[in-house]
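# Structural overview
So the chains spell out like this:
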Amino acid sequence: MADNVRERDLVLAPNEFAFILDETKGNVIAYVGPHKTSLANTDRPVIFEEHSRRYRRCTLEESITAFPYAEEGWYIVLENPAREGDEEYAKSGPNTLVRLTLGRKVNIPGPATFPLWPGQVARVVRGHLLRSNQYLLVQVYNEDAARENWGRAVIKLQKGDTPEEEVKRDVPELTLGKLLLIKGTEVSFYIPPTGIEVLTDESGNFVRDAVTLERLEYCILLDEDGNKRYIKGPDVVFPEPTERFVEKGGSRKFKAIELNEISGIYLKVIAPYTEEDGTERKVGEELFLTGRDQMIYFPRPEHAIIRYGDQRTELTYAVAIPAGQASYVLNRLSGAVTLQRGPAMFLPDPRKEVIARRVLSPAECDLFYPDNQTVLQYNARLAGNAPELAARERARGPVAQPARKEEASAEGLVSDDFTRSQRFSPPRSVTLNVNYEGAVTIDVWTGYAVMVVSKTGTRRVVVGPQSVILEYDETLEALQLSTGTPKREEGALRTAYLRVLNNKVSDVIEAETKDLCHVTLSLSYRVNFEGEPDRWFQVENYVKFLCDHLRSILRATIKQLGLEEFYSKAIEVVRDAILGGPQERRGRNFPENGMRVYDVDVLDVTIGDESIGQMLTEAQHQAVRQAITLADEQRQLETTRRSEEIRQEIETLRFATARTQLELQRQQVNANLEVEQARINAQILQESQKLKADHEKQSVLDALQASHLARQARQQEQEIAYSQAQLEQRLAELRGEVEATVAKAGAVSPDLVAALQSFSDQHLAGKLAESMSPLAILGGRSVADVFTQLVKGSPLANAVEKWGQNGPAAVPAEGKK
C-alpha cells in the first residue's frame, strides 16, 4: 500500500517538468519543479511525441523531462510558442494550458533554459561554426518574422572591416521559401533569427563543405534553370542557393584536360559565344583543339564533347607512323583518300579525317605478297568479320591510365613532395606493330621493278631497292611468266615483280644441222631491262617472247652448218648468233619492252645420233694429242729464248748502274759549287743592304734636322710678331692716354683760371698739382713745371712757385686726409 502511494507522488527537482492528463476533463497540466504533489486516480502522466504530435501515456518516471538547455554558442528551436500576452514559460508548480501559436517556430539563442508548455517541441541545436571553405544554406519560412528579427541573428564575421551591426542592418529581400547562402569566407559563426531555418544536406549535416579547387582543377555548378557554371581553380567555390555541384564518381571537382601536340579533343558548340581574340562561334560549329592551340583545356558551358560509339576517353590520340610506312586517310567531306607518310605522329582531325583500312582480296595478297599466309589470313578475317574486328579494336582503345583518386584524405602530413624509388624504374616504352594497320606497303628488292596502276589510268614503274606505299585506288600490274625447260605456257607463274638486272632465263632448244643431224642445246640467257621503265611491262610474258624469238634465230643459224663444223665451235656459233660477232658483241635488244640479252651460257650440246657422236669424239681426241705435242716443243723454244733475254738484261742493268754512279758524283760537285756561290752572293747582298740602310738613315736625319730648324725659325718669327703686336698695342694705349690728357688740358678755360685764383692756400694748389700729374709725361718734365707753365701770368703763379720750392711736404696735413 505504501509503494502504491509513493508511485502516485510526483516529485520534480529544479529544471524538471512533467505533463499530467486529467482523464475526467481532458486537460493537460504542466508541473514544473521544484515541486511535489500526489496524483489522483484520474491523473495520468503523458509525454508529447514530436513526430505524431499526440500525447502518449507513460510511466511517471518517463514523464519527468529536463528543461531544454542551450549554453553559449547553442540555440533552441521552439515550436508552437505561447501567444503574446500569455505567460511565455510555465512557473513552478502546476500550470494550466495557455494558448499556443500553433505551427510557428522561434529561435532562441543561448544561454537559455525553460520548461515547455504541453504541445510545444524544442530542439537544441549547436551554433554553426564555419571555416573559410564551408557554408550554410538557410531558408525563409516566415518572411515577416525574418524581417523583424533579422538584426537579432548571432553573427561573428571573419576578419574584415565591415562591423557586425552594419551587416545586421543590411536586410536582403526576404520572401517565403527564399534560399540564402551564408559563406564561411564572410561569417565564422552563425545562429539564425526567428523566421530563418538552416537546412541540412543529404547526410543531415547543417554545415556544408564548399569545393576547394587547386590549380588545373575545375568544378561544375548546375542551376535549377538548366544552366551550368564552370569555375576554374585556384578558388573556393560556393554554390548559389539554387545551384548544386555536378558529381562524377562521387567527386565534385575534376582535373583539367591536358593536351599536347599529339592529342586533341573533339567539341561541338551548343551555344554562341565570342572568344577572347574576338572570334565568334556559332551553334553547331565543331572544334578540334590540340596542344598547338592550348596546352590545358578547361570545359566551358558552350562546349559539348563528341564521342563515337563506346569511346571511353575524351581525347583523340595521334597514330604513330614509322619511317617507310603510311596510313590511308579518308576525307569525310570530299570522299578522297590520301596517304599520310611516316615518320610522323599523325593526329587526324575528326571533323574531316578518318583513318581507313584497305582490305586486299586473296588474288591481291598472292600478287603483292607471294606465299605470305599471314597476310592472306589477316585480310580474310578483316573482310569476313569487319564489324566485330572494328568493335574489338575500339574496345581496346588507348592504353588505360590509372584512375585518379578524387578528394581522398589520409592521415599524416599532406604537402607537395618528391618520391624517389629505391629501384631502377625503366623508361616508358611503346611497342609499334603497324604491319597490318596502315597503308599497303610493297618492298621492291634490288634488281626488281613493279608497275603501279591506279583506277584513273595512271601508271608508274618503281625500281628497287625502295619501298612503295600504294594509294587507296592503286594496285600492281601482273605478269605471266612461262616456266619449265623448255619453256611452255602451261603452268605460267603470275607475279608483279619483274627482275630487271642480272635476270637468268634457261631454255632447251632442239635444232637440225645442214646434214640432217639433230642436236639439243641447253642455254642460259643473261637478261637486263634498259631504257624507259614504262616499256618494261608492255610484254605480258617476256620469257615466252624471248625464248620463242631466240629459238627461231638459233635454228636458222644451225641449219646452215654441218654437224662437224657446228659441233667444233658450237659456243661461238650460239654467241655470234645471239650476241653478234666478236667485233660487235653488243647483245640482243628487244625494242618492244627494253629487254637486252647481254650474255648467253651454253650449258650442254647433245647430238641426237650416238654413233656420230662417238666418231666426233675420237677425232677430237686425236686433235688434242697433236696439239699437246706441238705445245711441248713450243714451250722448249720459249724457254731458250727467255734464258738468253734474261742474260742480256743483266748486263744492261750493270752498265746502267755504273753510269748512274758517275752521274751522281757529277751532280754532287755541281751542288757544292752552287752552295758556295749562294753563300758569297748572300754576303754581298747583306753588305749592300747595310750600306743602303745607312744612306737612308742619313737622309732621314737630314730631313729631321731641317724640320727642327724650320720649326725653331717659325717659333721665333711668331714670338717677334707677338712682341711687335704687344709693342704696337702699348703705343696705341699711350697715344690714347696722351690725346686724352691733351683734351683735358684744352678743357681748362680762362674762367676756371680766374676761379682758381680765389683759392690762395697751398693745399688747393697742391691738390691741383697732384690732379695734373698725368701731364708730367708731356715733354718729360715734372708736374710743377707743367703746371707753372700752365698758370704763368695768373694769380696762382706765386702759390705754385712756392709749392714747387717746398715740395709735397708743404701741403697742410688736413689736405692729406
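Heads up: the structure comes first, above all this text.
Below is a summary of the structure that appears in this document. (Residues numbered from 1 in each chain as written. Predicted model: local features only at pLDDT ≥ 70, side-chain atom pairs only at ≥ 80, totals over all residues. Heavy atoms only, no water.)

Helix and strand counts for the chain come out as 15 helices and 51 strands. Out of the 817 residues belonging to the chain, those deemed buried represent 32%. In the chain, once contacts between residues fewer than 6 apart in sequence are set aside, the share between residues at least 24 apart is 65%. (Helix = DSSP H or I, 4+ residues; strand = E, 2+ residues; numbered from the N terminus. Buried < 20%, exposed > 50% of the residue type's maximum accessible area, 1.4 Å probe, protein only. Contact = heavy atoms within 4.5 Å.)

Turning our attention to unusual backbone geometry. The linkage connecting G110 with the following residue, P111, adopts the cis geometry, with an omega of 5°. Tracing the backbone shows P111 in the loop between β11 (105-109) and β12 (112-113). Here the phi dihedral of N15 falls at roughly 65°; this positive angle occurs in a residue that is not glycine. Within the fold, N15 resides in the loop between β1 (9-12) and β2 (16-22). Within the chain, D371 stands out as a residue other than glycine whose phi angle is a positive 60°. Mapped onto the elements, D371 comes out in the loop between α5 (362-368) and α6 (373-384).

The topology assignment puts V11 in strand β1. On the accessibility criterion, V11 (48% relative accessible area) is partly exposed. In sequence terms V11 and T37 are 26 residues apart; their C-alpha atoms lie 6.6 Å from each other.

For the rest of this paragraph, the subject is the sheet that holds strand β37 (residues 337-341). Sheet strands pair via backbone hydrogen bonds, and the direction of the pair is either parallel or antiparallel. Across the sheet, 3 strands lie side by side as β37-β36-β39; this open sheet has antiparallel pairing. Whereas interior strands pair on both sides, the edge strands pair on one side only; in this sheet they are β37 and β39 (353-356). On average, each strand axis in the sheet is inclined to that of its neighbour by 40°, with strand direction left out of account. With 4 bridges connecting them, strand β36 (residues 326-331) and β39 associate as antiparallel partners. (Pairing = 2+ DSSP bridges. Axes fitted to C-alpha atoms, helices over the stretch in contact; angles between N-to-C directions.)

The next thing to look at is the sheet that holds strand β13 (residues 121-126). The strand order across the open sheet built from 3 strands is β11-β9-β13, with neighbouring strands paired in antiparallel fashion. The open sheet terminates on both sides in strands that have one partner only, identified here as β11 and β13. Within this sheet the neighbouring strands show an average axis-to-axis angle of 20°, counted without direction. Note that strand β9 (residues 74-79) and β11 share 5 bridges and pair antiparallel. Residue pairing across strands places Y75 opposite P109, the latter belonging to β11.

On to the packing of aromatic side chains. Counted by the stated rule, this structure contains 13 aromatic pairs. Here the aromatic rings of F545 and F590 are separated by 5.7 Å at their centres, their planes lie at 65°, and the arrangement is edge-to-face. Here F545 is found in helix α8 (residues 542-559), whereas its partner F590 is found in strand β50 (residues 588-590), with 45 residues between them in sequence. Over the aromatic face of F245 sits the side chain of R252, whose NZ or CZ is 4.8 Å from the ring centroid. Between R300 and the ring centre of Y273, over which it is positioned, the NZ or CZ distance is 4.1 Å. (Phe/Tyr/Trp six-rings, centres within 6.5 Å; stacked < 30°, edge-to-face > 60°. Lys NZ or Arg CZ within 6 Å of the ring centre and 35° of its normal.)

Assignment of secondary structure puts N503 in strand β48 (residues 503-512). When neighbours within four sequence positions are excluded, N503 is seen to be in contact with Y525, R526, V527, N528, F529 and Y542.

Examined against the element boundaries, D9 turns out to sit in strand β1. Despite being buried, D9 has no salt bridge partner; K36 is the closest side chain of opposite charge, sitting 4.7 Å away. At a separation of 2.7 Å, a polar atom in the side chain of D9 contacts the side chain of S38. Discounting residues that sit within four places of it in the chain, D9 has contacts with K36, T37, S38 and L60. (Lys, Arg positive; Asp, Glu negative; His and termini not counted. Salt bridge = Lys/Arg side-chain N within 4 Å of Asp/Glu carboxyl O. Polar contact = N/O pair within 3.5 Å; in protein donor to acceptor, adjacent residues only side chain to side chain.)

Its place among the elements puts Y722 in helix α11 (residues 610-746). Here Y722 falls in the exposed class, since its relative accessible area comes to 55%.

Taken as a whole and assessed by the stated rule, the structure comprises 35 salt bridges. A salt bridge links D632 to R635; its shortest N-O distance comes to 1.8 Å. Taken as a pair, D632 and R635 lie in helix α11 at a separation of 3 residues, close to a single helical turn. Given the relative accessible area of 33%, D632 is considered partly exposed. We note a salt bridge from E663 to R666, for which the minimum N-O separation is 2.2 Å. You can see E663 and its partner R666 sitting in helix α11, 3 residues apart, about one turn around the helix. The class for E663 is partly exposed, based on a relative accessible area of 31%. A relative accessible area of 44% means that R666 is categorised as partly exposed.

Quick look at the nonpolar core now. Among the nonpolar cores identified, the biggest contains 45 residues, and L523, Y525, L546, F566, I578 and V597 are the most heavily contacted of them. Only β41 (448-454), β45 (479-483), β48, β49 (518-529), α8, α9 (563-568), α10 (570-579) and β51 (595-607) provide two or more residues apiece to this core. Non-local contacts of L546, meaning those with residues more than four positions away in its chain, are made with V505, Y525, V527, F590, M595 and V597. If you look at the next biggest cluster of nonpolar residues, it comprises 24 residues, including A326, Y328, V440 and I469. (Core = buried A, V, L, I, M, F, W, Y, C linked by side-chain atoms within 4.5 Å.)

Together, L216, M295 and I296 line one region of the surface with nonpolar side chains, adding up to about 250 Å² of accessible area. Structurally, the position occupied by L216 is in the loop between β21 (211-213) and β22 (217-223). (Patch = residues over 30% accessible without salt bridge, like charges linked within 9 Å, V, L, I, M, F, W, Y side chains within 5 Å. Areas by Shrake-Rupley, 256 points an atom, 1.4 Å probe, with all protein chains shown as cover.)

Every buried residue belonging to α10 is among A570, V573, V574, A577, I578 and L579, and all of these are buried. On its buried face, α10 sits against β49, α8, α9, β50 and β51. G580, located one to two residues past α10, shows a positive phi value of around 105°.

This part takes up the packing of α8 against α10. When two helices pack together, their arrangement is given by the angle between the helix axes and the distance between those axes. Contact pair α8 / α10: the axes reach a minimum separation of 10 Å and the direction vectors enclose 130°. One way to sum up the angle between α8 and α10 is to call them oblique. Classified by chirality, the crossing of α10 by α8 is right-handed. In this structure, α8 uses L550, I553, L554 and T557 to contact α10, whose residues at the interface are V573, V574, A577 and I578. Of the residues assigned to the contact of α8 with α10, the class counts are 7 nonpolar, 1 polar and no charged. (Parallel < 35°, antiparallel > 145°, perpendicular 65-115°, else oblique. Left-handed = near helix turned anticlockwise from the far one by under 90°. Nonpolar A, V, L, I, M, F, W, Y, C, P; charged D, E, K, R; others polar.)

This brings us to the pairing of strand β5 (residues 43-48). Burial of β5 is extensive: 5 of the 6 residues sit out of reach of the surface. As judged from the 4 bridges shared by β2 and β5, these two strands associate in the antiparallel manner. By the bridge assignment for β5, L21 is matched with R44. Here β5 pairs with strand β6 (residues 55-57) via 3 bridges, running antiparallel. The residue bridging V46 from the neighbouring strand is R57, located in β6. Between β5 and β6, which pair antiparallel one after the other, the connecting turn spans 6 residues, and R53 there sits at a positive phi close to 60°.

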